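Listed here are the chains, written in short residue letters.
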Amino acid sequence: MLVSWKWLSKYVDLSMDREELETRLSLSGLNHEGTEIVGGDPVIDLEVTSNRGDCLGHLGVAREIAVLYGTSVKTPEVVISESDEAVDSLLSVENQFIDACPRYTARVIKGVRVGPSPDWMVEALAAVGIASVNNVVDSTNYVTMECGQPLHAFDFAKVAGAKIVVRPGKKDEKFRAIDHKDYQLDDSTCVIADAKQADAIAGVMGGAESEVDESTTDLVIEAAVFTPLVVRRAARKLKLHSPSSYRFERKVDPVGVDWASRRVCQLIQELAGGEVAKGVIDTAPEIADRESITLRSGQVKRILGIDIDPQEITRILNELGCTADGDDSDQGISYVPPTWRHDLTREADLIEEVARIYGYDKIPEDAPIPVAPSEKRPFDVAMDRVRAVLTAAGMSEAMTPSVVTAKVDDSLSPWTDKPALQTQTQMLKGSKRLRRTLIPSLLQGRANNWATASIEANLFEISHIYLPSDAGDTLPSEQYSLGLVAGGDFFDLKGIIESLILRMGISEPAKVTPVERPGFAKGGAVELSLGDAPLGYLGVVDPKVLKQWKLPHPVVAAELSLPALLDASRLVPQQQSVSAFPSVQRDLNFVLAESVRWSEMENVVRSAVGDDLADLVYVETYRDEKKDGKGTKRLLLSVVLQKSDDTLSGDQADALIQSIVASCEKKLSAKLLS
Amino acid sequence: MSLQDFLASLDALQCDAQSAFDSADDAESFEAARVAFTGAKKGRLKDVQKQMGAVPNEEKKTAGLKLNEVKSAIQTALETAQSRLGGGDDSGVDPTFDPTLPGNRPIIGHIHPITQTINHLMEIMGRMGFEAAEGPEVEDPWHNFVALNIPEDHPARDPLDNFYLATAAAAKADRNVEGEQLLRSQTSTVQIRIMEERQPPIRIISLGRVYRPDQPDATHFPMFHQMEGLLVDKNVTMANLKTVLRVFATNYLGDDVEIRFRPSFFPFTEPSVEVDFLWDGTWIEFGGAGMIDPNVFKAVGYDPDEVSGFAFGLGVERLCMRRHGITDIRDLYSGDLRFLRQF
């Protein structure tokens, strides 16, 4: 809201320092955004919160200043001379859309001479950024900026049938506004029409057809109340935001409607002459009384934490226009708020008024809260550890948008086949899908790094993924996921995940089960699980997907469910005693069928030794078709044998090795090479 | 050359070398002696070795034995001198060793600056007894609006200001409509969920991603992070709010910080204020705060006459950017390692 210092000085004493006033306004609710000097006149830009429509005029700001400085507001006295001709003999008003327009008032002025406005008015409007049109239009704009009530003047001669109809727009109805652009109407819009056509979009903008110009002699003056929601929807839909729509959206003073109507008639008469027809057409002259609000004693202190003298409280509320209605009790004092303050309906609202005028600077900063224990969430402890392991492994944390494009979403989806949820409005260019996995976003991140700087970025992200629920109306299954994308070998990333699992205090390694998932290379993806609980997916990214991102292969990706990882984690490690007895290490080289997996071998070795197996290390695989025949491989492994309570003798060790060899032979047809 | 002459020159060489190495008293004179006697090109040992060809064949064996003897004596003299000058064993310094060459750095990843900021905020608030809480990002209108005292016709619910999820009904209408689910526009939703589950006293901070349809530029992004604090108990006042925020600011900014309240408007608090910190001589907007609106307490089943409370909210990005001198919010979500590896 732009406020002209010169204009404002008509209503309230401004002998104080301007900058001091600006600060006081900021600290009492009208935030000072800046001041510009326009033609020698300081123009102050004040931010008015959406609950304070009453401050969208110079008089409203003057009221605030008067309360802050304990002075009074000089409201202009309105005197109009009416002719004998009754307004309702000239014009009729029919309200068919009371939901959108609870009150419509109209006056008629005949015989005006439309012409330029005097300098004082042109300057006043220019200061607040409004260009002068003519003395009639300027008068309506001036009163709007004076009291905050939007007004409109129609050329009476162009109001067909001398009839105003407030009604919903019709389907396919077109309307040419005073900006000379055409707008398509519908039944959610409220229009001000005559017997033939729409002349204005209610509360938003007037029409070109009924515009006041040099040939105009007779006027219809509209001062009305339009409901915020209807005005807002129309302004949004038509992308037509005006000073008028802005004010109706924030509610106008129901009592001020008639004042504004008479005030604009007065100004027009002064500047353009003419005769005001007798009386007013008012569709709802009865204005409901405001309900009183009781401010109980002690409540101010209970909320603000300070004692304020009851007389001071009463003074502040009275000066803000709240009148004690005498209906007091032991409980407290009862106030009726002023008609322009729609935001005051409850005790809490009055407490806020007292606080902001009394001054928030008087609230102390030395009222500590009692001590209370608080604990770091296990989730946060776990995430610290996850990040520590991953950064140690050379991976960097990225954060990428939760809503992605179809291209990103379509490239890979390990968790679900259900289509992604979508937003109505795109978040970034073309992004409407709530991601079902983090991997594609990280692939995109890797691709951007590669394209812009030839960096092979190994990235991870910890974020929610959104899996559509089974029933349409329940919230999606949303969970924290850990996404990982890295270059290099499948086993490099697998190793990082294995280290992570160990560091989370999970001793049992993750089980891998080969799976087929779109986006992963065929035969190159596995499902990971801890015990019976699914943990996530790991795999080589399909070269076709990499091609889409112009990424060199190989790229390996994984995603883990963090709730699943946390479920199995033991974040407080328990010490295992270290055996004091020497260990024996033996290397074993087996030749066996290609189809035997390491995991099977591992199981056989483990169960063959039992508790005395301190470690089992895979060393390498190699193939020698000439010596061993087709479809075979050699597996070299190393076992460490140790007893926890005694020295393992050479014979005992030999016996254990024999047991391994025998088991491998029997269960896997694996032969030991000497 | 006669054997005699050859042996004589070997003796002379050994004698000279011995005294040269014995008298070497720094790396320079040692190096000079090394080059003079055992140098691969012009060393005297090399010269004498060449003379061996001139010794008659039948005497070569004797000459060879003597040569080896002298060679090893010179080597011993050299090593003795070297260990004396090197001050120790033969793991001594290789003269080609350049300690100014760069070390072999392990590749260590980086933690995102937003994560670092969030951890910092949680740590400060944790010391004042606030525990972290989270909730879903896809919300229903009850938690995102209704319970927060944002009624049906409130502008904050406008489809153009929110990411409502597409539904069959929305698909039918040719315009955006208020749907049954949306990406939350504030983390206050978490406060409602916690209050619905628990009874006071409550002391939490809610953290996480929030979403608002803003055109991205250097200071706006349609996705960002909020931290909101909530304290509900008997007799919680605005003075407590101001105190907690001042302690927070002093902790975060590392100095005794002045703080001020400016009146504002939020549907879920009454009174509502904007909070500014005086930092380096200028007032910096920190975020919004206020006393919980009685309607919010009613929505979660608390009696507003029994309990009171405060809430505050701040944008994590703004604090993060200010702390690290980041000038473009979009960098945070780019995944660009040239940006990430600076943190």
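The rules behind these values
Numbers given to residues run from 1 along each chain, matching the order in which its sequence is written. Chain letters and ligand numbers both follow the written order, the letters beginning at A and the numbers at 1. Local features in this predicted model are restricted to residues of pLDDT 70 or higher, and side-chain atom pairs are both shown and tallied only at a pLDDT of 80 or more, whereas totals for entire chains, interfaces and linings draw on every residue. Note on conventions: DSSP H or I runs of at least 4 residues are helices, E runs of at least 2 residues are strands, and numbering of each starts at the N terminus. Our radius of gyration looks at C-alpha atoms and nothing else; its globule reference is 2.2 Å times the residue count to the power 0.38. Around each residue's C-beta, the other C-beta atoms within 10 Å are counted; 20 or more make the residue buried, 12 or fewer make it exposed, and counts in between make it partly exposed. All C-beta atoms are placed from the backbone. Here, residues touch in the contact sense if the C-beta positions derived from the backbone fall within 7 Å of one another. UniProt positions are given in the numbering used here, feature names are shortened, and annotations may be inferred rather than shown by experiment. Here, expected helix span is obtained from the residue count minus one, scaled by 1.5 Å. Under the grouping applied here, Gly and all other residues not named as nonpolar or charged are polar, the nonpolar ones being Ala, Val, Leu, Ile, Met, Phe, Trp, Tyr, Cys and Pro and the charged ones Asp, Glu, Lys and Arg. Reported domain spans reflect what an automatic or database domain assignment gives. For two strands to pair, DSSP has to find at least two bridges joining them. Helix axes are fitted to C-alpha atoms over the stretch in contact, other axes to C-alpha atoms as well, and angles between N-to-C directions run from 0 to 180 degrees. If an angle is under 35 degrees, it is roughly parallel; if it is over 145, roughly antiparallel; if it lies from 65 to 115, roughly perpendicular; otherwise it is oblique. The term nonpolar core means buried Ala, Val, Leu, Ile, Met, Phe, Trp, Tyr and Cys residues held together as one set by C-beta atoms within 7 Å. As a per-residue quantity, pLDDT reports the predictor's confidence and falls between 0 and 100.

Asker: In this structure, what is going on with the overall build of chain B? I would like to understand it.
Answerer: Across its full length, chain B carries 12 helices and 10 strands. Against the compact-globule benchmark of 20 Å for 343 residues, chain B has a radius of gyration of 41 Å, which places it well outside the compact range. By its C-alpha atoms, chain B is 120 × 50 × 40 Å across when sized along the principal axes. Looking at chain B as a whole, 41% of its 343 residues qualify as buried. A sequence separation of at least 24 residues applies to 61% of the contacts in chain B between residues at least 6 apart.

Asker: Any chance you could explain the overall build of chain A here in plain terms?
Answerer: In terms of helices and strands, chain A carries 20 helices and 32 strands. Computed over the C-alpha atoms, the radius of gyration of chain A is 40 Å, more than 25% above the 26 Å expected from 2.2 N^0.38 for a compact globule of 674 residues. When contacts within chain A are restricted to residue pairs at least 6 apart in sequence, those whose partners lie at least 24 apart make up 69%.

Asker: Explain the UniProt feature "binding site: Mg(2+)" (unreviewed entry) in chain B here, please?
Answerer: Following the UniProt record, one finds the feature "binding site: Mg(2+)" (unreviewed entry) at Glu 270 of chain B. Discounting residues that sit within four places of it in the chain, Glu 270 of chain B has contacts with Ala 348, Asp 349 and Glu 352 of chain A together with Gly 290, Met 291 and Asp 293 of chain B.

Asker: What exactly am I supposed to notice about helix α15 (residues 490–503) of chain A here?
Answerer: Spacing of three or four residues puts side chains on the same side of an α-helix, whose turn is 3.6 residues. All names here are of chain A. Compared with the 20 Å implied by 1.5 Å per residue over 14 residues, the 20 Å span of α15 between its first and last C-alpha is a close match. Turning to α15, the residues buried within the fold contact α12 (378–392), β24 (477–487), β27 (533–541) and β28 (555–561). Looking at the residues trailing α15, positive phi occurs at Gly 505, about 80°.

Asker: Just checking my understanding: could you explain the interface of chain A and chain B for this structure?
Answerer: Accessible area lost upon the coming together of the parts is a frequently used measure of interface size. Of the residues lining the interface, 74 residues belong to chain A; the matching set on chain B comes to 70 residues. For the side of chain A that touches chain B, the elements supplying multiple residues, two or more each, are α2 (18–28), α6 (228–237), α9 (299–304), α11 (347–358), α12, β20 (396–397), α14 (439–453) and β23 (459–467) of chain A. The element that contributes the greatest number of residues to the side of chain A that touches chain B is α11 of chain A, accounting for 6 residues. A per-class count over the side of chain A that touches chain B returns 34 nonpolar, 22 polar and 18 charged.

Asker: Can you help me understand the domain arrangement of chain B in this one?
Answerer: For chain B, the assigned domains are domain 1 (3–86) and domain 2 (113–340). In this structure, domain 1 of chain B and domain 2 of chain B have C-alpha centres spaced 85 Å apart.

Asker: Help me understand the pairing of strand β14 (residues 219–225) of chain A, please; the structure alone is not making it clear to me.
Answerer: Residue and element names in this part refer to chain A. Taken across its 7 residues, β14 has 7 buried, putting it largely inside the fold. Of the two faces of β14, the one lined by Leu 219, Ile 221, Ala 223 and Val 225 and the one lined by Val 220, Glu 222 and Ala 224 are each fully buried. Judged from the 7 bridges that link them, strand β6 (residues 103–110) and β14 form a sheet pairing that is antiparallel. From the neighbouring strand, Arg 103 faces β14, where its bridge partner is Val 225. Two elements, strand β7 (residues 151–155) and β14, share 5 bridges in a ladder whose sense is antiparallel. Residue pairing across strands places Asp 155 opposite Leu 219, the latter belonging to β14.

Asker: How should the sheet that holds strand β1 (residues 131–133) of chain B be read in this particular structure?
Answerer: Strand pairing in a sheet is mediated by backbone hydrogen bonds. Such pairs are either parallel or antiparallel. Residue and element names in this part refer to chain B. One open sheet accounts for 7 strands, arranged β1-β5-β6-β10-β9-β8-β7; its pairing is mixed. Each edge of the open sheet is held by one strand with a lone partner, namely β1 and β7 (258–266). Averaged over all adjacent pairs, the angle separating strand axes in this sheet is 30°, with direction ignored. Sheet topology places β7 next to strand β8 (residues 269–279); 8 bridges connect them, and they run antiparallel. Looking at the pairing, Ser 264 lines up with Ser 272 of β8.

Asker: Would you mind going over the packing of helix α5 (residues 113–127) of chain B against helix α11 (residues 316–324) of chain B with me for this structure?
Answerer: Geometrically, a packed helix pair is captured by the angle between its two axes and the distance between the axes. Residues and elements named next belong to chain B. Look at α5 against α11: their axes get within 9 Å of each other, and the N-to-C directions meet at 105°. As far as their axial angle goes, α11 and α5 are roughly perpendicular. Taking contact as the criterion, the partners of Pro 113, Ile 114, Thr 117 and Ile 118 in α5 are, on α11, Val 316, Leu 319, Cys 320, Arg 323 and His 324. Tallied by class, residues from the contact of α5 with α11 come to 6 nonpolar, 2 polar and 1 charged.

Asker: Can you walk me through the nonpolar core in this structure?
Answerer: Proteins that are soluble and globular tend to have nonpolar side chains buried together. Residues Val 354, Leu 484, Val 485, Val 541 and Ala 557 of chain A together with Phe 310 of chain B are the most contacted members of the largest nonpolar core, which totals 146 residues. Per element, the largest residue contribution to this core is 7 residues, and it comes from α11 of chain A. Here Ala 557 of chain A is in contact with Ile 439, Leu 443, Leu 484, Val 485, Gly 539 and Val 541 of chain A, once residues within four sequence places are set aside. The next biggest cluster of nonpolar side chains, apart from the first, holds 85 residues, and it includes Leu 8, Leu 59, Val 87 and Ala 124 of chain A.

Asker: Which parts of the structure should I look at to understand the UniProt feature "binding site: Mg(2+)" (unreviewed entry) in chain A?
Answerer: Here, the residues flagged by UniProt with the feature "binding site: Mg(2+)" (unreviewed entry) are Asp 343, Asp 349, Glu 352 and Glu 353 of chain A. Mapped onto the fold, Asp 349 of chain A is located in helix α11. For Asp 349 of chain A, a count of 18 C-beta atoms within 10 Å translates into the label partly exposed. Leaving out residues up to four positions away in the same chain, Asp 349 of chain A has contacts with Asp 343 and Leu 344 of chain A together with Glu 270 of chain B. For Glu 352 of chain A, the position within the fold is in helix α11. Setting aside residues no more than four positions away along its own chain, Glu 352 of chain A makes contact with Glu 270 and Pro 271 of chain B.

Asker: Please explain unusual backbone geometry as it appears in this structure.
Answerer: Of all residues except glycine, most have a negative phi; of all peptide bonds, most are trans. Here the residue pair His 553 of chain A and Pro 554 of chain A is connected by a cis peptide bond, since its omega of 10° sits within 30 degrees of zero. Secondary-structure assignment places Pro 554 of chain A in the loop between α16 (543–548) and β28. For the bond running from Pro 200 of chain B to Pro 201 of chain B, omega is 0°, close enough to zero to count as cis. Its location among the elements puts Pro 201 of chain B in the loop between α8 (188–197) and β5 (202–211).

Asker: Quick question: what am I supposed to make of α2 of chain A here?
Answerer: Of the positions making up α2 of chain A, those classed as buried are Glu 22, Leu 25, Ser 26, Leu 27 and Ser 28 of chain A. Contacts from the buried residues of α2 of chain A go to β2 (31–38), β3 (41–47), α3 (58–69) and α11 of chain A together with β7 of chain B. Phi turns positive, to about 130°, at Gly 29 of chain A, one or two residues after α2 of chain A.

Asker: How do you make sense of the confidence of the model for chain A when you look at a structure like this?
Answerer: Note that predicted coordinates carrying low pLDDT should not be read in detail. Averaged over all residues, the pLDDT of chain A equals 94, while 100% of them reach at least 70. Confidence, read as mean pLDDT per element, is least for helix α19 (residues 625–628) of chain A in chain A (89) and greatest for β20 of chain A (98).

Asker: Help me understand the packing of α2 of chain A against α3 of chain A, please; the structure alone is not making it clear to me.
Answerer: Residue and element names in this part refer to chain A. Relative to each other, α2 and α3 sit at 95°, their axes nearing to 11 Å. As the angle between them shows, α2 and α3 are arranged roughly perpendicular. For the pair α2 and α3, contact is made by Leu 21, Arg 24, Leu 25 and Ser 28 and by Glu 64, Ile 65 and Leu 68, respectively. Taken together, the residues of the contact of α2 with α3 sort by class into 4 nonpolar, 1 polar and 2 charged.

Asker: Is there a simple way to think about the environment of Leu 25 of chain A in this case?
Answerer: Residue and element names in this part refer to chain A. Along the chain, the position of Leu 25 falls in helix α2. Take Leu 25: there are 22 C-beta atoms within 10 Å of it, and that puts it in the buried class. Sequence-distant contacts of Leu 25, that is, excluding residues within four places in its chain, are made with Leu 30, His 32, Leu 46 and Glu 64.

Asker: I would appreciate a short explanation of the pairing of β6 of chain A in the present structure.
Answerer: The two faces of a sheet get side chains in turn, since along a regular strand they alternate between them. All names here are of chain A. Among the 8 residues in β6, 7 count as buried, and that is most of the element. Sheet topology note: the β6/strand β15 (residues 275–278) ladder contains 2 bridges and is antiparallel. When the bridges of β15 are listed, Lys 110 appears paired with Glu 275.

Asker: What is the right way to read the sheet that holds β3 of chain A from this model?
Answerer: Residue and element names in this part refer to chain A. Within the open sheet, the 3 strands sit side by side as β1-β3-β2. Their pairing is antiparallel. The open sheet has two edge strands with one neighbour each: β1 (2–4) and β2. Neighbour to neighbour, the strand axes of the sheet diverge by 25° on average, direction disregarded. Looking at chain direction, β2 and β3 are connected through 7 bridges and run antiparallel. Within the sheet, the bridge partner assigned to Glu 36 lies in β3 and is Val 43. Strands β2 and β3 of the sheet are contacted by α2, whose axis makes an angle of about 150° with β2.

Asker: It is not clear to me how the confidence of the model for chain B should be interpreted in this structure. Could you clarify?
Answerer: In the predicted model, chain B carries a mean pLDDT of 88, and 95% of its residues have values of at least 70. Quick note on the complex model: pTM equals 0.84, ipTM equals 0.88.

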